[in-house]
Amino acid sequence: QVQLVESGGGLVQAGGYLRLSCVASARTFSDYIMAWFRQAPGKEREFVAAIARNAYSTYYQDSVKGRFTISRDNAKNTMYLQMNSLKPEDTAVYSCAAARRATMTSREGVYDYWGQGTQVTVAS
């Protein structure tokens, strides 16, 4: 029903930056809350950031506050994650997720649609 495609991952040195994008096929993108999750090798998937339907509210994992910025452009059906001051601990596969609901949440079980993920590798 909703296809999500991430892009923008890559290899970057510690202290560098990347911008991830997630393009959605949803007819009414603004009806969906959106979020970014990440999963490092051998680790469970963890919440990174979420954004409300109209971008009026955002929420971040403590470890990325002040470094990452989540945003969305509903006219382009696209969500972004600007990642600055990257650290080796940020290395993971980053996935975008969507849920057709009003209330933003960090609980991954709430999200119905997931992208394939994009690899972010931060060299020390």
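We now turn to the structure provided with this report. (Residues numbered from 1 in each chain as written. Predicted model: local features only at pLDDT ≥ 70, side-chain atom pairs only at ≥ 80, totals over all residues. Heavy atoms only, no water.)

**What to know about the side chain of R72**
- Secondary-structure assignment places R72 in strand β7 (residues 68-73).
- For R72, which is buried and forms no salt bridge, the nearest opposite charge comes from D73, at a distance of 8.4 Å.
- A polar contact of 2.9 Å, which involves the side chain of R72, links it to the backbone oxygen of F29.
- Within polar-contact distance, the side chain of R72 engages the backbone oxygen of R53 at 3.3 Å.
- The residues touching R72, leaving out its near neighbours within four places in the chain, are F29, S30, Y32, I33, M34, I51, A52, R53, A55, T78, M79 and Y80. (Helix = DSSP H or I, 4+ residues; strand = E, 2+ residues; numbered from the N terminus. Buried < 20%, exposed > 50% of the residue type's maximum accessible area, 1.4 Å probe, protein only. Lys, Arg positive; Asp, Glu negative; His and termini not counted. Salt bridge = Lys/Arg side-chain N within 4 Å of Asp/Glu carboxyl O. Polar contact = N/O pair within 3.5 Å; in protein donor to acceptor, adjacent residues only side chain to side chain. Contact = heavy atoms within 4.5 Å.)

**Concerning the state of the cysteines**
- Within this structure, the stated rule accounts for one disulfide.
- The disulfide that involves C22 links it to C96, with 2.0 Å between the sulfurs. Negative torsions about the S-S bond denote left-handed disulfides, and the value of about 60° found for C22 with C96 makes this one right-handed. Taken together, the residues span a long stretch of sequence, with C22 in strand β3 (residues 18-24) and C96 in strand β9 (residues 92-99) at a distance of 74 residues. Both residues of the pair, C22 and C96, count as buried. (Disulfide = S-S within 2.5 Å.)

**Section: the sheet that holds strand β1 (residues 4-7)**
- One open sheet accounts for four strands, arranged β1-β3-β8-β7; its pairing is antiparallel. If you trace the sheet from one side to the other, it starts and ends with β1 and β7, each paired once. Across the sheet, the mean angle separating the axes of adjacent strands is 15° when strand polarity is ignored.
- Two strands pair when backbone bridges link them, and β3 and strand β8 (residues 78-83) are joined in this way by six bridges, in the antiparallel orientation. Of the residues in β8, the one forming a bridge with V23 is T78. (Pairing = 2+ DSSP bridges. Axes fitted to C-alpha atoms, helices over the stretch in contact; angles between N-to-C directions.)

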